[in-house]
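Spelled out, the chains give:
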Amino acid sequence: MAAARRARPGGPRAGPGFGRAAEPEPPVPQGLLRAARRSGQLNLAGRGLRDVPPHVWRINVDTPEEAQQNLSFGAADRWWEQTDLTKLILASNKLQSLSEDVQLLPALTVLDVHDNQLTSLPSALGQLENLQKLDVSHNKLQSLPEELLQLPRLRSLLLQHNELSHLPEGLGQLLSLEELDVSNNHLTDIPTSFALLVNLVRLNLACNQLKDLPEDLSAMKSLRQLDCTKNYLETVPSKLATMASLEQLYLRKNKLRSLPEFPSCKLLKELHAGENQIEILNAENLKHLNSLSVLELRDNKIKSVPEEITLLQKLERLDLANNDISRLPYTLGNLPQLKFLALEGNPLRTIRRDLLEKGTQELLKYLRSKIQDDGPGPSEEPPVTAMTLPSQARVNMHAITSLKLLEYSEKQAAEIPEEMFDAVGTNPVATVNFSKNQLREVPPRIVELKDSVCDVNLGFNKISSISLELCRLHKLTHLDLRNNVLTSLPKEMEALTRLQIINLAFNRFKAFPSVLYHLPALETILLSNNQVGSIDPLQLKGMDMLGTLDLQNNDLLHVPPELGNCENLRTLLLEGNPFRTPRAAILAKGTAAVLEYLRSRIPT
C-alpha cells in the first residue's frame, strides 16, 4: 500500500484515500474522473479552480485510485480499458497558468480554458498534435508561444478578449485553421502569413487598433465571414473585393470615407458599414452585389442613393438612418424582397415624417405610387363636385378602382363608415388601411373583402381582440396590428395559410402567440415592445420560411441556446431584454454571430 500511495502524483492533494474522512473533499470528485475515463470528456468549468490538480493531467497515465485500493471493478469500470481524454473544459475558473503537463494528454481534440486569468500558455501545447479546437478567450494573454504554430490539425483558435499586441509571424503555418477570432485585443497589424490560411472560413478582427488590412487577405479563398468592426481603417484594399467566397463583411465603426467596389463578391449577402464617414455611394459599389440581402450604412454622411440600388434584387434590409440624404430614387419601391427600410434621421424633402413612421410596406407603396404619379395619390381624396353624392364625399373612388386600395386612416374614428364598404361594390380591393383611428374592434364588414384583400393595416388603434371575420381573409399576406392593446391571438388564425408578414409591435403580449408557430408561410414576425417572457426554439425551427424575428424590448430572461439551430433566420433582434447572455457585444455583431454563439452553448 505504501508503494501505491507513493505512486499517486501530488501526494494527498491528488485526492483523499477512502479511509481518511478528516481531509476536505477534492476539487475534482472521483466520480467525475471515472466518468471521464469512460467517455473521454471532462468538464471542470466553473469550479473556482486556481490550479489544475496534477491527477487531471495524469488521468491517462496513472493507475486510478480505486485500483490501488483493491476495489472490485464491474465490467463498465475496468480502468485498463479506459478511453483517452479527448475533450477537457476548464472554462470560468481562476487559473493563472497551465502546467507543461498538458503534454500528457496527447489525444486531446478540444481544450477550452476561456474565462480565466491566464497571462501565458505553456510551450507544451505544441505537442498536442490531435488538437482541433483551442479556446483561450477572455484571459490576460499578452503573447502566444511559437510552439502553438506546430498544431497540424487545429481548426478553431479563439483568442478574443485578451491583451495581445501582436500575433506570431508564422501563424499562417496553421494550414487547417477554419476559424480564427482575435477580436478585442490591442493588435495594430496582421501578419502577412495570414495569406497562407486558405481554409479559413471565419476571421474576426473586431475591436483592435488596425489602421489598414494587408492585401494578402485576398488569398483566403475559403473566407466567408470577415469582421473588422471597430478599428481605425480608413480604406479597404481593392484586392479584398476579389474574395469570391465572402458572404458577410463587417466594417462598422471605422474611419472609411468610401466603400470599395466588389467585382468578384458574387456571394456577398451582408455588408455592414455603419458608423463611418462615407459620403458617396456609387453605382460601382453596388452593381456586382447580386446576392446582397443586408446593406447597413447607418450613421454616415451619404448624400444621395443611386438609381442602381434597384439592381440589388435580393435586398431584404436597407439601413440608411442618420445620413444626409435629401431624396430617394422612387424605383426603390420596386425592390421585390425589401422588408425593412430605415430612413430616420435624414433631411428628406419628398417624404413626410408621418409616412416614415408608418413602416416599410407603406413607404414602399408610396415610392411605387410616385414612379408613374398619373393620378391622385393613395391619400388624396377626389374633389367634391356637383355630381358627387353626399355619402361618397369621404370615399376615394379612384383609389378603390385604380389602386385597389380602401383607405380610411388618420381620422381618429371610432368605427369605419358603412359607405366605405358600400362603395367597394364588386371592385376587388387588395389593400385596406384603417390605421390611426380609435377602433376598438376589427370592422365586421372586412370579411366582405375576403376574396381579394391581401394587405390589411389596422395599426395605431385600440383593438383588444382579433375577430373571426379577420381570420377568414384567406388571401392575406401582410397584416399590420402594431400599437394596439392585444394580449393574444385566436387559434382560428391558423386559417391564414398565406400570411407572410405580421407586425404585432407595441401591444401587450405576455406570451409568444402560439398560433404563429402554425402559419407555414410566415417570413417576418415583428413582436418588439411587448412583454413576451419566453419562446419555443423547437417550434420556431419548424418554421421553414421564417427569416426575420424581432423580439426587441420584451421580458426575455433567457435565450434558449437551441434558438441557434434556427439557421433560416437572417435577422434576429433581441436587444432591450433583461437576459444576461448573449452579451451586448455578441448582439452587436449581427444575427449570424448570435446564432453561432447560441449553438456553442447547446449542451452536448
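In case you missed it, the structure is sitting above this.
Position numbers for residues count from 1 along each chain, tracking the sequence in the order it is written. Two thresholds apply to this predicted model, a pLDDT of at least 70 for residue-level local features and 80 or more for giving and counting side-chain atom pairs, whereas whole-chain, interface and lining totals are computed over all residues. Based on all heavy atoms of the structure, the side-chain values leave hydrogens and waters out of the count.

### Observations concerning the environment of Pro-214
What counts here: Put simply, DSSP H or I for four residues or longer makes a helix, DSSP E for two residues or longer makes a strand, and each gets a number counted from the N terminus. Two residues form a contact once any of their heavy atoms are found within 4.5 Å.
Note on placement: Pro-214 falls in the loop between β7 (202-204) and β8 (225-227). Measuring from C-alpha to C-alpha, the distance between Pro-214 and Leu-240 comes to 9.0 Å, with 26 residues separating the pair along the chain. Residues contacting Pro-214, with those up to four places away along its chain left out, are Ile-190 and Pro-237.

### Observations concerning the packing of aromatic side chains
To keep it simple, the criterion reads: Two rings from Phe, Tyr or Trp (for Trp, the six-membered ring) form a pair when their centres sit within 6.5 Å of each other. Planes less than 30 degrees apart are called stacked, planes more than 60 degrees apart edge-to-face, and all others tilted. Each residue gets one of three labels from its accessible area relative to the maximum for its type: buried under 20%, exposed over 50%, partly exposed in between, using a 1.4 Å probe on protein chains only. Throughout this description, the term charge over a ring refers to an Arg CZ or Lys NZ atom that lies within 6 Å of the ring centre and within 35 degrees of the ring normal.
The tally for this structure, following the rule as stated, stands at 2 aromatic pairs. Each ring, one from Phe-421 and one from Phe-434, has its centre 5.9 Å from the other, and the planes form 80°; the classification is edge-to-face. With Phe-421 in helix α9 (residues 418-424) and Phe-434 in the loop between β15 (431-433) and β16 (455-457), the pair connects residues that are 13 residues apart, well separated along the chain. For the pair Phe-421 and Phe-434, one class covers both residues: buried. An angle of 20° between the planes, with centres 4.8 Å apart, marks the rings of Phe-512 and Tyr-517 as stacked. What makes Phe-512 buried here is its relative accessible area of 7%. Overall, the relative accessible area of 12% leaves Tyr-517 in the buried class. Residue placement shows Lys-411 over the ring face of Tyr-408; its charged tip is 5.6 Å from the ring centre.

### Focus: helix α12 (residues 591-600)
In an α-helix, one full turn covers 3.6 residues, which means residues spaced three or four apart are oriented alike. Considered for burial, the residues of α12 that qualify are Thr-591, Ala-593, Val-594, Leu-595, Tyr-597 and Leu-598. In this fold, the buried residues of α12 make contact with β21 (571-573) and α11 (584-587).

### Considerations on the nonpolar core
One broad trend across soluble globular proteins is that nonpolar side chains are buried collectively. Worth spelling out the cut-off: For this analysis, a nonpolar core means a set of buried residues of the types Ala, Val, Leu, Ile, Met, Phe, Trp, Tyr and Cys, connected via side-chain atoms within 4.5 Å.
Among the nonpolar cores identified, the biggest contains 100 residues, and Leu-88, Leu-157, Leu-180, Phe-194, Leu-203, Leu-205 and Leu-295 are the most heavily contacted of them. Among the elements of the structure, α2 (30-39), α3 (54-57) and α7 (360-372) are those that each provide at least two residues to this core. At 4 residues, the largest contribution of residues to this core is made by α7. Ignoring sequence-local partners within four residues, the contact set of Phe-194 consists of Leu-167, Leu-171, Leu-180, Leu-203, Leu-205, Leu-217 and Met-220.

### Examining the pattern of salt bridges
Opposite charge on two side chains makes pairing possible when the charged atoms of those side chains draw close. Quick reminder of the rule: Salt bridge, as used here, is a side-chain nitrogen of Lys or Arg placed within 4 Å of a carboxyl oxygen of Asp or Glu.
Enumeration over the complete set of coordinates arrives at 19 salt bridges. Note that Glu-275 and Arg-252 form a salt bridge whose closest N and O atoms lie 3.1 Å from each other. Taken as a pair, Glu-275 in the loop between β10 (270-272) and α5 (283-286) and Arg-252 in the loop between β9 (248-250) and β10 lie far apart in primary sequence, 23 residues in all. Exposure remark for Glu-275: the relative accessible area of 32% places this residue in the partly exposed category.

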